[in-house]
Amino acid sequence: MQLPNALTSAAAGMRAQTSRLDAIAENLANADTPGYRPRRALVRGFGEQMQSAVVTASVQGALRHTGVATDLALVGPGSFAVAGANGVEYTRDGRMSVDASGALCDVRGRHVLGSLGAIHLPHDATIHSDGRIFSHGQVIDRLRIVDFDGGVARRAHASVRAGYLEESGVDPISEMTSLVAAERAFEADQKAAQQTDDALKRAVVELPAVRS
Amino acid sequence: MNRALAAGASGMAAQQNVLDIIAANLSNVDTPGFRADRPEFASLIGPDGRGMGALSQRSARLFSQGKLDPTSNDFDLAIDGEGLFEVRTASGAVAYTRAGNFTRDTAGALRLPNNAALAHVRLPAGTLAVTFDQDGRIHARVAGKPAPVDAGRVRLCSFANLSGLRLEDDGLFYASRDTGPVLRGAPDSGGFGKLRQRCLERANVNVVNAMMSVLAAQRAYEANAKSVQAADEMLRLANNLERG
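Since we're looking at a predicted model, the values are computed, not measured. In this convention, every chain numbers its residues from 1, walking through the sequence in written order. Ligands are numbered from 1 and chains lettered from A, in the order in which they are written. Where local features are concerned, this predicted model is filtered to residues with pLDDT of at least 70; where side-chain atom pairs are given and counted, the filter is 80 or more; whole-chain, interface and lining totals use all residues. For side-chain calculations, the full set of non-hydrogen atoms in the structure is used, while hydrogens and water are omitted.

Caption draft 1: Fine view of the overall build of chain A. A run of H or I in DSSP counts as a helix once it spans at least four residues, and a run of E counts as a strand once it spans at least two, with each numbered from the N terminus. Scanning chain A for helices and strands turns up two helices and 17 strands. Radius of gyration here uses only the C-alpha atoms, and the compact-globule reference equals 2.2 Å multiplied by the residue count raised to the power 0.38. In terms of C-alpha radius of gyration, chain A reaches 25 Å, well past the compact-globule figure of 17 Å for 212 residues. Projecting the C-alpha coordinates of chain A onto the three principal axes gives extents of approximately 100 × 30 × 30 Å. Partly exposed residues are those whose accessible area sits between 20% and 50% of the maximum for their type, while under 20% is buried and over 50% is exposed, using a 1.4 Å probe and protein chains only. The proportion of buried residues among the 212 residues of chain A is 42%. Working rule for contacts: check all heavy atoms of both residues, and any pair within 4.5 Å makes them a contact. Of the contacts made within chain A by residues no fewer than 6 positions apart, 56% connect residues no fewer than 24 positions apart. Here the Shrake-Rupley method, with its probe set to 1.4 Å, supplies the accessible areas, and only the displayed protein chains count as covering residues. On chain A, roughly 10,700 Å² of surface is accessible, and the fraction owed to carbon and sulfur atoms is 55%. Each charge class in chain A can be summarised by its mean position, and for the 22 positive and 24 negative side chains these summaries are 4 Å apart. Only four residue types enter the charge count: Lys and Arg as positive, Asp and Glu as negative, with His and the chain ends excluded. Positions of charges follow a simple convention, taking NZ of Lys, CZ of Arg, CG of Asp or CD of Glu.

Take a look at the structure:
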């Protein structure tokens, strides 16, 4: 019988639109999170059914001038390496600050890594666009900026802008249009499921009634 | 779907918090030396490593320069650049501030409206007029003496981590575990700013930017409310699948 196939297709479509909405809601919530990369639910036909996967889009967020010397924005692909609880972690969120011991920390308090481990930033330090940190005209360290090439970490060619923040890569307009589209597609799938159900009902209930 | 609901709700809560912070900044726009807070967003990650929306409960205090307004009061002092005044409160505690609206008391100490006195400064008895140099040196004209008298020097303080300073109800900053040791120096040297007499530093709140942030926060709140609505609508449709 072919009908249940239509039912499973409709259900798969509804599931796909649900995960699309999850990604959109996530993006809208993070429309002001610096360095945030939007999530995209990829919906594609697999045979007759929909499948979805969530990937992180690599878009460059707009740069916003803050004038805060420890705000760092990355231009181009790459991430800052920071010391997480379970090894090295990566972030594009450049809201750094200096802690009591003079170490450069990210917004979650993780130490920012340079060529020799955690970076210690003297008061008069300046950060150049290639990530080198100067104090009294001398290079004292270099920000570790990493890109991934097939899962292998390598030095990225992103440039650093001190005094700027990279804004969230979320475009609220396209998110809102996708939101409406996801809602309508979900509705269409729901209608398809109902129609299939109606047809099934007729086949199961009304057809035998005619015969008798 | 519950994720979309939770993400939308967290986004709304984060934007609400932004409005609270901007409102506090705007209400202090005329407080001398007030330092604005900047709302900080972070994405929330659930235990399964997937996103759960946004979070804004922290804010970072900005120590950028406020506008300097000229006044006619000899004891209005402002710092043009980095540094904080060190003051001693009525209870004897050491505190720090950028506010410079001092007045002279009968004993020759310089006091803020909240009664905290500028540390290490005492004007000699019989002082008629005072000049503060931009490097902090104080020259007092004392009754009965022809030449100005050297009356000490204003010193400034700083910390490795200024955002670790704790703001108390009296409007003063207090050192904490997170600030690191206090760094002292004279104005106009070692990275410290210049001392300006007959000047007051206004709050470092930019009213136009703050108003724009209010509008943006309002719209962002709406956008998050829409994703809650969409999730709700989809749940309703799912509930209507079976129509008897």
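Once the structure has been displayed, the description carries forward.
Caption draft 2: Quick peek at the overall build of chain B. A count of helices and strands for chain B gives two helices and 20 strands. Its C-alpha radius of gyration of 25 Å places chain B more than 25% over the 18 Å reference for a compact globule of 244 residues. By principal-axis analysis of the C-alpha atoms, chain B measures approximately 105 × 35 × 30 Å. Looking at the 244 residues of chain B, the share that counts as buried comes to 43%. Element-wise, carbon and sulfur atoms account for 52% of the exposed surface of chain B, whose accessible area totals about 12,000 Å². Here chain B contributes 28 positive and 25 negative side-chain charges, whose respective centroids are spaced 4 Å apart.

Caption draft 3: Focus on the sheet that holds strand 12 (residues 127–132) of chain B. Residues and elements named next belong to chain B. At least two bridges found by DSSP between two strands are what make those strands a pair. Taken together, three strands build an open sheet; the order of strands is 12-13-14 and the sheet is antiparallel. Of all strands in the sheet, those with a lone pairing partner are strand 12 and strand 14 (149–153), marking the two edges. Neighbour to neighbour, the strand axes of the sheet diverge by 30 degrees on average, direction disregarded. Every axis in this analysis is a line fitted to C-alpha atoms, fitted for helices over the stretch in contact. Angles between the N-to-C directions lie between 0 and 180 degrees.

Caption draft 4: Fine view of the interface of chain A and chain B. Chain A puts 37 residues into the contact, and the matching count from chain B is 47 residues. Two parts lose some accessible area (1.4 Å probe) when they are put together, and adding that loss for both gives the buried area. Summing both partners gives a buried area of about 3,200 Å² for chain A against chain B, and 57% of it is carried by carbon and sulfur. What counts as a salt bridge is simple: a side-chain nitrogen of Lys or Arg found within 4 Å of a carboxyl oxygen of Asp or Glu. The partner of glutamate 40 of chain B in a salt bridge is arginine 95 of chain A, and the shortest N-O contact between them spans 3.8 Å. Each polar contact in these results corresponds to two N or O atoms within 3.5 Å; when the atoms are within protein, one needs to be able to donate a hydrogen and the other to accept it, and residues that are neighboring in sequence are counted only if both atoms are side-chain atoms. Our count for the chain A to chain B interface comes out at nine residue pairs in polar contact (both at pLDDT 80 or more). In terms of residue count, helix 2 (residues 172–211) of chain A provides more of the side of chain A that touches chain B than any other element does, eleven residues in total. Across the side of chain A that touches chain B, the residue classes tally to 17 nonpolar, eight polar and twelve charged. Throughout this entry, Asp, Glu, Lys and Arg are counted as charged residues, while Ala, Val, Leu, Ile, Met, Phe, Trp, Tyr, Cys and Pro are counted as nonpolar. The remaining residues, Gly among them, count as polar.

Caption draft 5: Quick look at the pattern of salt bridges. Evaluation of the coordinates by the stated rule reveals 26 salt bridges over all chains. A salt bridge links arginine 95 of chain A to aspartate 93 of chain A; the shortest N-O distance between them is 2.5 Å. The same class applies to arginine 95 of chain A and to aspartate 93 of chain A, which are both buried. Residues glutamate 187 of chain A and arginine 184 of chain A are paired through a salt bridge, measuring 2.4 Å at the closest nitrogen-oxygen approach. Residue glutamate 187 of chain A and its partner arginine 184 of chain A are located together in helix 2, separated by three residues, close to a single helical turn. Connected through salt bridges with shared partners, the residues Asp71, Asp93 and Arg95 of chain A together with Arg38 and Glu40 of chain B form a single ionic network.

Caption draft 6: The arrangement of the sheet that holds strand 12 (residues 132–135) of chain A in detail. Residues and elements named next belong to chain A. Pairing within the open sheet is antiparallel, and its three strands lie in the order 11-12-13. Two strands lie at the open edges of the sheet, namely strand 11 (126–127) and strand 13 (138–142), each paired on one side alone. Both strand 11 and strand 12 contribute to a ladder of two bridges, which runs antiparallel. Each bridged residue has a counterpart across the sheet, and for isoleucine 127 the counterpart in strand 12 is isoleucine 133.

Caption draft 7: Summary view of the packing of aromatic side chains. Here a Phe, Tyr or Trp ring, Trp counted by its six-membered ring, pairs with any other such ring whose centre lies within 6.5 Å, and the pair is stacked when the planes are under 30 degrees apart, edge-to-face when over 60, and tilted otherwise. Here the structure, examined in full by the defined rule, presents four aromatic pairs over all chains. Ring centres 4.9 Å apart and planes at 90 degrees place the aromatic pair tyrosine 90 of chain A and phenylalanine 148 of chain A in the edge-to-face group. One end of the pair, tyrosine 90 of chain A, is in strand 6 (residues 87–91); the other, phenylalanine 148 of chain A, is in strand 14 (residues 145–149), and 58 residues separate them in sequence. Taken together, a centroid distance of 5.0 Å and an interplanar angle of 85 degrees make the contact between tyrosine 96 of chain B and phenylalanine 159 of chain B edge-to-face. Residue tyrosine 96 of chain B is located in strand 8 (residues 94–97), and its partner phenylalanine 159 of chain B is located in the loop between strand 15 (156–158) and strand 16 (166–167); the two are separated by 63 residues in the primary sequence. Judged by relative accessible area, which is 5%, tyrosine 96 of chain B ranks as buried.

Caption draft 8: Spotlight on the side chain of aspartate 141 of chain A. Residues and elements named next belong to chain A. Within the secondary structure layout, aspartate 141 lies in strand 13. For aspartate 141, which is buried and forms no salt bridge, the nearest opposite charge comes from arginine 155, at a distance of 8.1 Å. At a separation of 2.8 Å, a polar atom in the side chain of aspartate 141 contacts the side chain of serine 115. Filtering out sequence-adjacent residues up to four positions away, aspartate 141 remains in contact with Gly114, Ser115, Leu116, Ala118, Ile119, Gly131, Arg132 and Ile133.

Caption draft 9: The arrangement of the environment of alanine 217 of chain B in detail. With respect to the secondary-structure elements, alanine 217 of chain B resides in helix 2 (residues 207–239). Apart from residues lying up to four places away in sequence, alanine 217 of chain B is in contact with Gln15, Val18 and Leu19 of chain B.

Caption draft 10: Just the side chain of arginine 61 of chain B, in detail. Residue and element names in this part refer to chain B. With respect to the helices and strands, arginine 61 occurs in strand 4 (residues 59–61). For arginine 61, a relative accessible area of 17% puts it in the buried group. Those residues in contact with arginine 61 that sit more than four places away from it in its chain are Arg35, Ala36, Asp37, Leu165, Leu167 and Phe173.

Caption draft 11: Fine view of unusual backbone geometry. Residue and element names in this part refer to chain B. For asparagine 115, which is not a glycine, the phi torsion comes out positive at approximately 80 degrees. Summarising the element assignment, asparagine 115 is placed in the loop between strand 10 (110–111) and strand 11 (117–118). At histidine 120, a residue that is not glycine, the phi angle is positive and equals roughly 65 degrees. One can find histidine 120 in the loop between strand 11 and strand 12.

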